[in-house]
Amino acid sequence: MSQAYKRQVLRRFLRDVLSGETVGASDGRRYGVSWLANYANELRDGYGVEIVSVPKGKGLKHYYIIKNKIHSQKILAFFDNQAKA
C-alpha cells in the first residue's frame, strides 16, 4: 500500500470519527482496507490522537471515539494540507 493511500485512509477515518460517525474496527472495508485498528494505533502513536475503542450496543461491538478533538482537528488540517500539496 502506498503512503499516499495510507494518508488518505487516515484522513477519511479521522474526519469521520471527528464528525460523529459511528466507526468500528471492523468497518475497514468501507475505507478500502481490511481492518482499522492499525490506523487507530498510528493516529494514537504517531500523531498523538487520543482515539479509543468503546463498546456500544448489543454484542459489545466496539466503536472509536476521540478524546482530544482540538488536537485531532489540527492533525486533520495537517493531512488536508498534505493532500493539497
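This text goes with the structure placed above it.
Attention here is on the structure that accompanies the text. Given the structure is predicted, the values throughout are model-derived calculations rather than measurements.

Conventions used here
Residues numbered from 1 in each chain as written. Predicted model: local features only at pLDDT ≥ 70, side-chain atom pairs only at ≥ 80, totals over all residues. Heavy atoms only, no water. Salt bridge = Lys/Arg side-chain N within 4 Å of Asp/Glu carboxyl O. Core = buried A, V, L, I, M, F, W, Y, C linked by side-chain atoms within 4.5 Å. Buried < 20%, exposed > 50% of the residue type's maximum accessible area, 1.4 Å probe, protein only. Helix = DSSP H or I, 4+ residues; strand = E, 2+ residues; numbered from the N terminus. Contact = heavy atoms within 4.5 Å. Axes fitted to C-alpha atoms, helices over the stretch in contact; angles between N-to-C directions. Parallel < 35°, antiparallel > 145°, perpendicular 65-115°, else oblique. Nonpolar A, V, L, I, M, F, W, Y, C, P; charged D, E, K, R; others polar. Phe/Tyr/Trp six-rings, centres within 6.5 Å; stacked < 30°, edge-to-face > 60°. Lys NZ or Arg CZ within 6 Å of the ring centre and 35° of its normal.

## Things to note about the pattern of salt bridges
Here's step 1: Using the criterion set out here, one finds seven salt bridges in the structure.
Here's step 2: One salt-bridge network, in which partners are shared between bridges, spans Arg12, Asp16, Glu21, Asp27 and Arg30.

## Looking at the nonpolar core
Here's step 1: Residues Phe13, Leu14, Leu36, Leu43, Ile51 and Tyr64 are the most contacted members of the largest nonpolar core, which totals 21 residues.
Here's step 2: Listing elements by their share of this core, those giving two or more residues are helix H1 (3-18), helix H2 (37-47), strand E2 (61-66) and helix H3 (69-84).
Here's step 3: No other element matches H1, which puts six residues into this core.
Here's step 4: With residues up to four places along the chain from it excluded, the contact list for leucine 14 reads Leu43, Val49, Ile66, Ser72, Ile75, Leu76 and Phe79.

## Quick notes on the environment of lysine 58
Here's step 1: The residue lysine 58 is located in the loop between strand E1 (51-56) and E2 in this model.
Here's step 2: Spatially, the C-alpha atom of lysine 58 lies 32 Å from that of arginine 7, the residues being 51 residues apart in sequence.

## Side note on the side chain of serine 72
Here's step 1: Relative to the helices and strands, serine 72 is located in helix H3.
Here's step 2: Residue classification places serine 72 among the buried residues on the basis of a relative accessible area of 0%.
Here's step 3: Apart from the residues within four sequence positions on either side, serine 72 is in contact with Leu14, Leu18, Val49 and Ile66.

## Topic: the packing of H1 against H2
Here's step 1: Contact geometry for H1 and H2: axes closest at 10 Å, N-to-C directions at 90 degrees. When the interaxial angle is binned, H1 and H2 end up roughly perpendicular. Between H1, through Lys6, Val9, Leu10, Phe13 and Leu14, and H2, the contact on the second element is made entirely by Tyr39, Ala40, Glu42, Leu43 and Tyr47.
Here's step 2: Considered class by class, the residues forming the contact of H1 with H2 number eight nonpolar, no polar and two charged.

## What about the packing of aromatic side chains?
Here's step 1: Under the criterion given, the structure shown has four aromatic pairs.
Here's step 2: Judged by centre distance (6.1 Å) and plane angle (70 degrees), the rings of phenylalanine 13 and tyrosine 31 are edge-to-face. With phenylalanine 13 in helix H1 and tyrosine 31 in the loop between H1 and H2, this pair connects stretches of sequence that are 18 residues apart. Exposure class is identical for phenylalanine 13 and tyrosine 31. Each is buried.
Here's step 3: Look at phenylalanine 13 and tyrosine 64: their rings are 5.4 Å apart centre to centre, the planes differ by 75 degrees, and that puts the pair in the edge-to-face class. Separated by 51 residues along the polypeptide, phenylalanine 13 in helix H1 and tyrosine 64 in strand E2 bring together distant segments of the chain.
Here's step 4: The lysine or arginine in question, arginine 12, covers the ring of tyrosine 31, its NZ or CZ lying 4.5 Å from the ring centre.

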